[in-house]
Amino acid sequence: MTYAITQTCCGDATCISVCPVNCIHPTPEEPDFGRTEMLYIDPKSCIDCGACADACPVEAVFPVDSLPSSQQEYGPLNAAYFADRGSARAPEGPNFHVWGEPSFDRSLPSDFGPLRVAVVGTGPAGMYAAEDLLLHTGAEVTLIDRLPVAGGLIRYGVAPDHLSTKKAGDTFARFYTHPRVRMCLGLEVGKDITPEELAAHHDAVIYAVGASAGRRLGIPGEDLPGSICATTFVSWYNAHPEVAPDAVDLSAERVVVVGNGNVALDAARILVSDPDALAAGDIAGHALEALRAGSVREVVLLGRRGPEDAAYTRSELLALKHLPGVELVVDDHDPRTGAAIDAAEPGDRAALLADVAREEVDWSRPPPTGRRIVFRFHSAPVEALGDGGVRAVRVSGGDDGREIPAGLLLRAVGQRGLPVAGLPFDEATGTVPHEGGRVTGRPGTYVVGWIKRGPSGGIGANRTCAAETVGTLLDDAVGGSLPAPEQGAKAFRRLVRRRNRRIVDARGLAEIERAELALGRRDGRPRVKLATLPDLVAAARGGRRRVPG
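By convention here, each chain's residues receive numbers from 1 onward along its written sequence. Side-chain atom pairs in this predicted model are given and counted only at pLDDT of 80 or more, local residue features only at pLDDT of at least 70, and totals for whole chains, interfaces and linings cover all residues. Based on all heavy atoms of the structure, the side-chain values leave hydrogens and waters out of the count.

Undergrad: Tell me about the sheet that holds strand 17 (residues 392-395), and please be specific about residues and values.
TA: The strand order 16-17-18 describes an open sheet built from 3 strands, whose pairing is antiparallel. Strands at the two margins of the open sheet, each flanked by one partner only, are strand 16 (381-385) and strand 18 (402-405). Averaged over all pairs of adjacent strands, the angle between strand axes in this sheet comes to 25°, irrespective of strand direction. Here, any two strands with at least 2 DSSP bridges between them count as paired. Going along the chain from the N terminus, every DSSP run of H or I of four or more residues is numbered as a helix, and every run of E of two or more is numbered as a strand. Relative to strand 18, strand 17 runs antiparallel, the two being bridged by 4 bridges. The residue bridging Ala-392 from the neighbouring strand is Pro-405, located in strand 18. Whenever a helix is involved, its axis is fitted only over the stretch in contact; in every case the axis is a line through C-alpha atoms, and angles between N-to-C directions fall within 0 to 180 degrees.

Undergrad: Could you give me a rundown of the packing of aromatic side chains, with the residues and numbers involved?
TA: For this analysis, a ring pair means two rings from Phe, Tyr or Trp (six-membered ring only for Trp) whose centres lie within 6.5 Å, classed as stacked if their planes differ by under 30 degrees, edge-to-face if by over 60, and tilted for the remaining angles. Counted according to the given criterion, the structure contains 7 aromatic pairs. Taking 4.9 Å as the distance between ring centres and 85° as the angle between the ring planes, the aromatic pair formed by Tyr-128 and Phe-172 counts as edge-to-face. In this pair, Tyr-128 is assigned in helix 4 (residues 124-136) and Phe-172 in helix 7 (residues 168-173), connecting sequence segments 44 residues apart. Each member of the pair, Tyr-128 together with Phe-172, is buried. Aromatic side chains Phe-233 and Trp-236 sit 5.7 Å apart centroid to centroid with 25° between the ring planes, which places their arrangement in the stacked category. Taken together, the residues span about one helical turn, with Phe-233 and Trp-236 both in helix 9 (residues 230-237) at a distance of 3 residues. Neither Phe-233 nor Trp-236 differs from the other in exposure class; each is buried. Through successive ring pairs, a cluster of aromatic residues spans Tyr-40, Tyr-81 and Phe-82. Each residue is assigned to one of three classes by its accessible area relative to the maximum for its type, calculated with a 1.4 Å probe on protein chains only: buried under 20%, partly exposed between the two thresholds, exposed over 50%.

Undergrad: Tell me what's going on with the nonpolar core, and back it up with residues and numbers.
TA: Among buried residues, those of type Ala, Val, Leu, Ile, Met, Phe, Trp, Tyr and Cys that are joined through side-chain atoms within 4.5 Å constitute a nonpolar core. Counting residues in each nonpolar core, the largest one holds 127 residues, and the members touching the most others are Ile-24, Phe-233 and Phe-375. Those residues in contact with Phe-375, other than ones at most four positions away along the chain, are Leu-301, Tyr-312, Leu-317, Leu-320, Leu-328, Val-329, Val-330, Asp-331 and Leu-353. By size, the runner-up hydrophobic cluster in this structure holds 20 residues, among which are Val-120, Val-205, Val-420 and Leu-495. By definition in these notes, contact holds between two residues if any of their heavy atoms fall within 4.5 Å.

Undergrad: Quick rundown of the packing of helix 4 against helix 16 (residues 461-478)? Include the residues and the values.
TA: Two elements in contact, helix 4 and helix 16, have axes whose closest approach is 8 Å; the angle formed by their N-to-C orientations is 55°. Taken together, helix 4 and helix 16 sit at an angle that is classed as oblique. In the packing of helix 4 onto helix 16, the handedness of the crossing is right-handed. Across the interface between the two elements, Pro-124, Ala-125, Tyr-128, Ala-129, Glu-131, Asp-132 and Leu-133 from helix 4 touch Asn-462, Arg-463, Ala-466, Ala-467 and Val-470 from helix 16. Here the word oblique covers every angle except those under 35 degrees (roughly parallel), over 145 (roughly antiparallel) and from 65 to 115 (roughly perpendicular). Handedness of each helix crossing follows the sense of rotation of the near helix against the far helix: counterclockwise by less than a right angle gives left-handed, clockwise gives right-handed.

Undergrad: Residue-level account of the packing of helix 18 (residues 506-523) against helix 19 (residues 533-540), with values.
TA: Their axes nearest at 7 Å, the elements helix 18 and helix 19 cross at an angle of 110°. Considered as vectors, helix 18 and helix 19 are oriented roughly perpendicular to each other. Across from Gly-508, Glu-511, Ile-512, Ala-515 and Glu-516 in helix 18, the residues of helix 19 making contact are Leu-536, Ala-539 and Ala-540. Each residue receives one of three labels: charged for Asp, Glu, Lys and Arg, nonpolar for Ala, Val, Leu, Ile, Met, Phe, Trp, Tyr, Cys and Pro, and polar for the others, Gly being one of them. Residue composition of the contact of helix 18 with helix 19, by class: 5 nonpolar, 1 polar and 2 charged.

Undergrad: I'd like a rundown of the side chain of Ser-273, residues and numbers included.
TA: Assignment of secondary structure puts Ser-273 in the loop between helix 10 (262-272) and helix 11 (275-278). Any pair of nitrogen or oxygen atoms within 3.5 Å is treated as a polar contact; in protein, a donor-acceptor pairing is required on top of that, and neighbouring residues in sequence qualify only through side-chain atoms on both sides. Side-chain polar atoms of Ser-273 contact the backbone oxygen of Arg-269, separated by 2.5 Å.

Undergrad: Outline unusual backbone geometry, listing residues and values.
TA: Cis geometry is found at the peptide bond from His-25 to Pro-26, where omega equals -5°. Take Pro-26: it is sitting in the loop between strand 2 (24-25) and strand 3 (40-41). In the Ramachandran plot, Glu-59 falls in the positive-phi region, its phi being about 50° despite a non-glycine side chain. You can see Glu-59 is positioned in the loop between helix 2 (51-55) and strand 4 (61-63). The class of Glu-59 is partly exposed, set by a relative accessible area of 40%.

Quick look at the structure:
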């Protein structure tokens, strides 16, 4: 029996580090690492030890023989990765690996003293950086987030029905109570304290603030009511406290989603899923109620290019194909679409659509009975139409000027970073200019994650990104180029308390966790998220202010 890696693979390479026979690829040393959709296990080399399954932070590794029906494809999918590469079998003998010369990427002097480092942002990028510092140095780390709860992308970006992916947060949570960690949640740099004040109390500051803004389409009618960014939709169904419960109207039967990346597929899946199935996750209570009361029966995914160039991963499309009660349809309006699917090789992304029904959709008719997702490739939005709100989307592609009636338009065409207070900013890329993570012209200031490299890569990609940034920081520390802090840790805590009386620390975060889990037990769900800033702060204070019941 061999193992296979499945849909929720985070790509952070934890499994690779524990595999005794080097059967998981691509490894961080290989050119494909970070470029493939996921990691793969070679069935010819796997010795069925299960070490990878035990180490996986997102429960993505299972024995092939016990894969559920919805994931049966992952056995052949893992094996297919090695079809043209060959299997790297381990040599015979007591040592499984062929060991190379030892390599030490970092070298710290024996008298290297502890640093005080502030990490702004508690998503995966910031937490990988904090983890690196805590495990490999004696650094004292201050974790800062503008929201009164930690988690970042894992809490507010991962779809609520992907509970296994959210388990990556458990790996980071163990550091919240680390003796060398201090948490300042609900503290906004640039508002509560200045970047200069933060730097004056620490040896170094790492900004891990992500890319929270959605890209625009640049079409007429884009700002009509009923036209929203997919990032807003994702935040809405994930109970982000800065998105109102009534921010999304689901009274229309048809929704148009522009884009064909994973975020677009997530949005489509949530819109047509059975609400009772979604209740098994941590979807926001207001979103669950809206979906139950809503009228959405059809989601149209607009892709500017063909199915061979779709941006979604195969695993996300496979998840749609196993969605109970939901039909998938390919709009056959352009002959190039069917030709690309029919010509696709078995390992190509387009080949996954070979068994999906094709039809030339008559958009003048209402959606048929049931729920379905329509893939319309070689088509782009030209204009959002409507007076008091979106009523239709004019699209290009084969039949230019075609209008698709819809009451909601979701823009899922990518994200970009926003300017960070006190730091230089590249408007073209939406990132902070840097050299190996070191902010250009700002000694002692660093960036990691999407604000550093742009919105690319999933959770695990941040491990390598953080390692580079922390390595640069340590090189600067050893080289004596870090500015000495002007104030100590106690002075910083006093400053924070003066500026913001609502700061949440590790104890308060644990209270929020307890409150949400208790609400979940009451409703028969794994968790019910608190969706407003006052409720989060009240829970952090141990319920001195009543949490909604």
